[in-house]
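Chain by chain, the residues:
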Amino acid sequence: MAENFDYLADVNAKTLHWSFKVFVVRAWDVPSRFNDKEVMSMELVLQDSKGHRLQTSIPKPLVKKWKDVIVEFQMYTMKNFVVLDNTTYPKVTPDKYILVFSHRTRVHHVEHPSFPLDAFRLKSFKELLNADKLDDSELIDIIGEVVGKEDPRDLVTSKGVETKRLAIILQDLDNNKISCALFGKMVDELLPHLHDGRVEPLIVVLQYFKPNRWNGKTSVQSHFYVSKLHINDGLKEVVGFRNRLLSGVAASSSRISQVSSQGGWSGADEINQGAVLVKTIEQALNVKEECPIWICASIVSLNVGKDDWFYKSCRKCPKKVDTPIGNRYECTKCGHTHGCASLRFKVQVMVHDGTGSITLLLWDKETTQLCGKKAEQVMEDDVIGDDAYPPTFDNMMDRKVLFKINVKSANIKGFDQIYTVMKICDDEDIIEKNMPKEIAESTSTFFTEIGGSNSLDM
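Treat the numbers as computed from the prediction; the structure is a model and nothing was measured.

Draft legend 1. Structural view of the confidence of the model for the protein. When pLDDT is averaged along the protein, the result is 85, and 86% of the positions lie at 70 or above. pLDDT under 50 marks residues 445-458. Its contacts with residues more than four places away, or in other chains, come to 20 contacts.

Draft legend 2. Examining the pattern of salt bridges more closely. Enumeration over the complete set of coordinates arrives at 14 salt bridges. Between Glu 138 and Lys 123 there is a salt bridge whose closest N-O contact spans 3.9 Å. Residue Glu 138 is located in the loop between helix 2 (125-130) and strand 8 (140-149), and its partner Lys 123 is located in the loop between strand 7 (106-109) and helix 2; the two are separated by 15 residues in the primary sequence. The salt bridge involving Asp 426 is made with Arg 399; its shortest N-O contact spans 2.8 Å. Taken together, the residues Asp 426 in the loop between strand 24 (418-425) and helix 10 (428-434) and Arg 399 in the loop between helix 8 (375-381) and strand 23 (400-407) connect sequence positions 27 residues apart. When its relative accessible area of 24% is taken as the criterion, Asp 426 is described as partly exposed. Overall, Arg 399 belongs to the partly exposed group, its relative accessible area being 24%.

Draft legend 3. Here's a closer look at helix 4 (residues 236-246). Turning to helix 4, its buried residues are Glu 237, Val 238, Phe 241 and Leu 245. The buried residues of helix 4 occupy an angular sector of 95° when projected down its axis, which confines them to one face. Relative to its buried face, helix 4 has exposed residues pointing more than 90 degrees away, namely Lys 236 and Asn 243. Looking at the buried side of helix 4, the elements it contacts are strand 8, strand 10 (162-171) and strand 12 (203-214).

Draft legend 4. Highlighting helix 7 (residues 364-371). Where burial is concerned, most of helix 7 is hidden: six out of the eight residues are buried. Taken together, the buried positions of helix 7 are occupied by Asp 364, Glu 366, Thr 367, Thr 368, Leu 370 and Cys 371.

Draft legend 5. Quick look at unusual backbone geometry. The phi dihedral of Asn 80 falls on the positive side, at around 70°, and the residue is not glycine. Mapping Asn 80 onto the fold places it in the loop between strand 4 (75-79) and strand 5 (82-85). On the basis of relative accessible area, Asn 80 is assigned to the partly exposed category, the value being 25%. A positive phi angle is found at Tyr 208, which is not glycine, with a value near 55°.

Conventions we followed
Residues numbered from 1 in each chain as written. Predicted model: local features only at pLDDT ≥ 70, side-chain atom pairs only at ≥ 80, totals over all residues. Heavy atoms only, no water. pLDDT = per-residue confidence, 0-100. Contact = heavy atoms within 4.5 Å. Salt bridge = Lys/Arg side-chain N within 4 Å of Asp/Glu carboxyl O. Helix = DSSP H or I, 4+ residues; strand = E, 2+ residues; numbered from the N terminus. Buried < 20%, exposed > 50% of the residue type's maximum accessible area, 1.4 Å probe, protein only. Arc of directions from axis to C-beta.

So this is what it looks like as structure tokens:
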């Protein structure tokens, strides 16, 4: 006679006599807060035939008994649990309760599973990128090809523990990209696969990662011990992704590029993800909450003179340096000392889009992209009059550009009228595709009226 099993969705605290047939989709150890070499508990995520999942905890006294018995992606029958309120954060499973092993819990391995395993609940990149708000209390699974990497960095946690951090860029089958931060042992697991010149796709599944959005950029990161990195193994999800990726496409040159830890993606990359809604200046000036915003506008005035378009900086980082100590400059941020300072751009401009005007602050990278020269080149090449800005800056005038600006509390409250530019995109095709309809005609009319002048009459 077939044995009847309970469903995880029905779990409540009124009884201890639960009986389940389940897959283990995730198992991990939680170390003691006081000794990371001592296991405090073993945690599981169970999944039944209806696809419902529930977090299950094995307390320290029972870990040794079950440690080598329970294996991920295997099916078991399990009986007799204590049921407790789920107070974990973020919640690995969203239910009110979790199951807890006791000395009366019984576990038996099922050699021939009676229902299939769907180990991952994959979120699409598009869903993450287009979400109005990300729930940072939810842990997610994603799959993608590694197409970019930064150099790994050594870190020391607030508790004095040495660890590592590695940022990579994942791309899905629709060429959407998401940045991912790995920490600790995952860095060592992935690094051997990131060698230069790799021509085979490196496909990874990220299990139980935490989504994040900061300054308008969507990313995911590993979350303590629950997250797991699956690298190019025989998982059906990886095999299916690889087959679709390589269908009809020959292996090319190196598939993984090195990216700068400073920049991440360019403005064009971010817009091409499809997660960007470009607003008018009028809309930007009426924003009520701090946030990054993309606008499309043309530079109509340069608020700079002969000597206020640059600043002296550390040669290693963008930090401003002032008076030299003796014959050397010392950076208060990175501690680097050098015999001469570097020059970097800091340029205020006014832009207009037909709905209004706004003052923006362009830093070094964005100004270099627009004018075509570095600050030190401009200083060497341009002949600058007493009350004029460098002639090179004329290259920026009247150009239609997509600006990503940072709207701060001081901007919203009217204390600061200058908005900092975070990124730009000056690709004409991308600009035309993303320009708000309400400014297309007004912008054209505006420039017809002023006749391409290098200044705006206020």
